[in-house]
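Single-letter residue listing:
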Amino acid sequence: MLFSIASPRIAIVGAGAIGTTLAARLAVAGYTVSVLARGDSLAAIKRKGVCLIDQQGQHTASVIAADNGGELGKQDIVFLCTKAHSVPSLLPQLQPLFGQHTCLVPMVNGTPWWLLMDAVEPCAANTAPIATAPIETVHIKAVDPEGELVRCLPASAIIGCVVYISAHLQAPGVAISNTPPRLIVGDIVATPDAANGRMETLVKVLENGGITTRHTERIRDAVWSKIAANLTSNPLSVMTGATLAQLYSHPSLQKVVSQLFEETHLTAQAYGGRLEMTLQELLDLGERMGAVRTSMLQDYQLGRALELAAIVEGVIELADRKRIPVPTIKSILHLTRYFEDSALRQSHAHGGKENS
Ligand SMILES: NC(=O)C1=CN([C@@H]2O[C@H](COP(=O)(O)OP(=O)(O)OC[C@H]3O[C@@H](n4cnc5c(N)ncnc54)[C@H](OP(=O)(O)O)[C@@H]3O)[C@@H](O)[C@H]2O)C=CC1
Ligand SMILES: CC(C)(CO)C(=O)C(=O)O
């Protein structure tokens, strides 16, 4: 057996909105959860544990918390819950968490660094698969500027994940989430471990935590679909201040959404990806999600750096490689950068910190 199905060692890296929500759900379900956090979050979690406030009430649980991976030690499942731009600098913190069979589940929006890591040699038992494609064709600069993530994290250890959870932090260690949490997970390459039940264990752990979890054999389709959802909503939410319901129902914004969706669809197709929903289904889903502020709107309102590299620049980089024209996506990037710059200038003037 790879790891204990009844009591896997679980670490959550990043105690923001998603990390705190997940930590609280899993700890309340009875799992031993370790959280890698820093600053005010670390102090609050050490003092009072993690807390999730949802439609059922307030759920508090204690967890192990530390600011370095070495203190937490080897884990069975590591959930990576930071913004995409924080991931490369976290690599030294992730390494001590890794044992031979650890699986890494990045719960991160946008173009994942691993998206093109599917050209791998079949691996001998106990060895990491080796990317057969040259590193420069696999590596996506927008999310992995130096190519360290593709070089250091073996594809067989990564379980792709798409996050449909809406959450925000009320205070350090305290998350609020009022929509039903949903995840999609899938191996990014065929691995021997897949046969040993790690996916079943992962799904069971998440379901025990009250998170509806779907396993797919085509995780890249789910990723492209989520990219389409984020690309059509997050930047526009910054520019308009609109909630998901407002964004997806306004006739003028629907025209922009439709162009962004089509350009994302063409880019996905060029990489063999299939969107799992039509434009109309996306508009309906977004409207049904209601008065949700996107994570990018939350960051903008807090004067923080926006996740534009992963959600927008990654798609432009991939489109440019295949010569797919994406003029609307490029315009939306420039406009949102303008909003980000003004917010960061104001935040610095008031002594705020840009998250990194
Ligand atoms: N919030 C939402 O509703 C949704 C978010 N997502 C995606 O989920 C991912 C996580 O988002 P979210 O939880 O909202 O983000 P947050 O910004 O709320 O949380 C990220 C956390 O990571 C921490 N962090 C970053 N670097 C380090 C480090 N070196 N050491 C320790 N902690 C670190 C941050 O700490 P610090 O505060 O000190 O900077 C912060 O607590 C993103 O990709 C987002 O797009 C997806 C769907 C919905
Ligand atoms: C699903 C959606 C658009 C809303 O929670 C999201 O992923 C985000 O806020 O970044």
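Residues numbered from 1 in each chain as written. Chains lettered and ligands numbered in written order. Predicted model: local features only at pLDDT ≥ 70, side-chain atom pairs only at ≥ 80, totals over all residues. Heavy atoms only, no water.

## Observations concerning the UniProt feature "domain: Ketopantoate reductase C-terminal" (unreviewed entry) in the protein
Counted only if it meets this: UniProt positions are given in the numbering used here, feature names are shortened, and annotations may be inferred rather than shown by experiment. For the purposes of this entry, the term helix denotes a DSSP run of H or I that reaches at least four residues, the term strand denotes a run of E that reaches at least two, and both are numbered from the N terminus.
In the numbering used here, UniProt assigns the feature "domain: Ketopantoate reductase C-terminal" (unreviewed entry) to residues 219-337. Segment residues 219-337 splits into 76% helix and 0% strand. End C-alpha atoms: 29 Å apart.

## Points about the site of ligand 2
In plain terms, the rule: Here a residue counts as near a molecule or strand whenever at least one of its heavy atoms sits within 4 Å of it. Within 3.5 Å is the distance limit for a polar contact, defined as a pair of N or O atoms, with the added protein rule that one can donate a hydrogen and the other accept it, and that residues adjacent in sequence qualify only through two side-chain atoms. The Shrake-Rupley method, run with a 1.4 Å probe sphere, supplies the accessible areas, and residue values consider only the shown protein chains as cover. When residues are grouped by polarity, Ala, Val, Leu, Ile, Met, Phe, Trp, Tyr, Cys and Pro land in nonpolar, Asp, Glu, Lys and Arg in charged, and all others, Gly among them, in polar. What counts as a domain boundary in this text is fixed by an automatic or database domain assignment.
Neighbouring ligand 2 are the residues N109, I165, S166, K226, N230, S233, N234, L244, V292, T294 and S295. At 2.8 Å from an oxygen atom of ligand 2 is found a side-chain nitrogen or oxygen belonging to K226. Within the side chain of N234, an N or O atom sits 3.1 Å from an oxygen atom of ligand 2. Computed on the free molecule, ligand 2 has an accessible area of 280 Å², of which 94% lies beneath the protein chains in the complex. It is helix α8 (residues 219-240) that provides the largest number of residues to the shell around ligand 2, a total of four residues. Split into classes, the residues belonging to the shell around ligand 2 amount to three nonpolar, seven polar and one charged. When residues of the shell around ligand 2 are assigned to domains, at least three map to each of domain 1 (10-217) and domain 2 (221-349).

## Thoughts on the domain arrangement of the protein
A common measure of how large an interface is: the accessible area buried when the components associate. Filter applied, for reference: Throughout, a residue-residue contact means that at least one pair of heavy atoms, one from each residue, lies within 4.5 Å. When two parts are put together, the accessible area they lose, computed with a 1.4 Å probe and summed over both, is reported as buried area. What counts as a salt bridge is simple: a side-chain nitrogen of Lys or Arg found within 4 Å of a carboxyl oxygen of Asp or Glu.
Here the domain parsing of the protein yields domain 1 (10-217) and domain 2 (221-349). Domain 1 and domain 2 are separated by 23 Å when their C-alpha centres are compared. Between domain 1 and domain 2, the residue contacts involve 28 residues of the former and 27 residues of the latter. Summed over both partners, the interface of domain 1 with domain 2 comes to about 2,100 Å²; 59% of that surface belongs to carbon and sulfur atoms. Three residues, K83, N109 and Y164, lead the burial of domain 1 against domain 2; their summed loss comes to 24% of the area buried on that side. In this assembly, domain 1 and domain 2 are joined by two salt bridges. Ionic pairing is found between K83 and D299, a salt bridge with its closest N-O pair at 2.7 Å. Run the count over domain 1 and domain 2 and you get 11 residue pairs in polar contact (both at pLDDT 80 or more).

## Regarding the site of ligand 1
Of all residues adjacent to ligand 1, which total 26 residues, the nearest are I18, R38, N109, I165 and E307. Here an oxygen atom of ligand 1 sits 2.6 Å away from a polar atom, N or O, in the side chain of E307. For ligand 1, the accessible surface in isolation is 900 Å², of which the surrounding protein chains cover 91%. Its residues assigned to classes, the shell around ligand 1 comprises 11 nonpolar, nine polar and six charged. When residues of the shell around ligand 1 are assigned to domains, at least three fall in each of domain 1 (10-217) and domain 2 (221-349).

## Overview of the pairing of strand β3 (residues 50-54)
Rule in force here: The cut-offs for exposure are 20% and 50% of the maximum accessible area for each residue type, with area from a 1.4 Å probe on protein chains only; residues under the lower value are buried, those over the upper are exposed, and the others partly exposed. Strands qualify as paired when DSSP identifies two bridges or more between them.
Judged by how many residues are buried, β3 sits mostly within the fold: four of five residues are covered. Bridge count between β3 and strand β4 (residues 57-61): five bridges; the pairing is antiparallel. In the sheet register, C51 faces β4, and the bridge partner there is T60. Where β3 hands over to β4, the hairpin turn is made up of two residues, counted between the paired strands. Pairing analysis gives three bridges linking β3 to strand β10 (residues 174-176), with the strands arranged parallel. Looking at β10, one finds that L52 is bridged to A175.

## Describing unusual backbone geometry
Even without being a glycine, R323 presents a positive backbone phi close to 55°. Here R323 shows up in the loop between α13 (308-321) and α14 (327-349). Its relative accessible area of 74% is what places R323 among the exposed residues.

## Topic: the packing of α8 against helix α10 (residues 251-270)
Stated formally: Whenever a helix is involved, its axis is fitted only over the stretch in contact; in every case the axis is a line through C-alpha atoms, and angles between N-to-C directions fall within 0 to 180 degrees. Should the near helix be turned counterclockwise from the far one by less than a right angle, the crossing is left-handed, whereas a clockwise turn marks it as right-handed.
Taken N-terminus to C-terminus, the directions of α8 and α10 make an angle of 145°; their axes are 9 Å apart at the nearest point. Considering only the axes of α8 and α10, their crossing is right-handed. Of α10, the residues touching α8 (which contributes W224, I227, A228, L231, T232, L236 and T240) are L253, V256, V257, L260, F261, T264, T267 and A268.

## As for the sheet that holds strand β12 (residues 212-215)
Taken in spatial order, the three strands make up an open sheet running β8-β11-β12, and their pairing is mixed. Each edge of the sheet is formed by a strand with only one pairing partner; in this case those strands are β8 (159-164) and β12. Neighbour-to-neighbour, the strand axes of the sheet open up by a mean angle of 20°, direction not taken into account. Where strand β11 (residues 182-187) meets β12, four bridges bridge the pair, whose relative direction is parallel. Bridged to V185 within β12 is H215. In the packing of α8 onto the sheet, the strands contacted are β8 and β11, and the crossing angle to β8 comes to about 35°.

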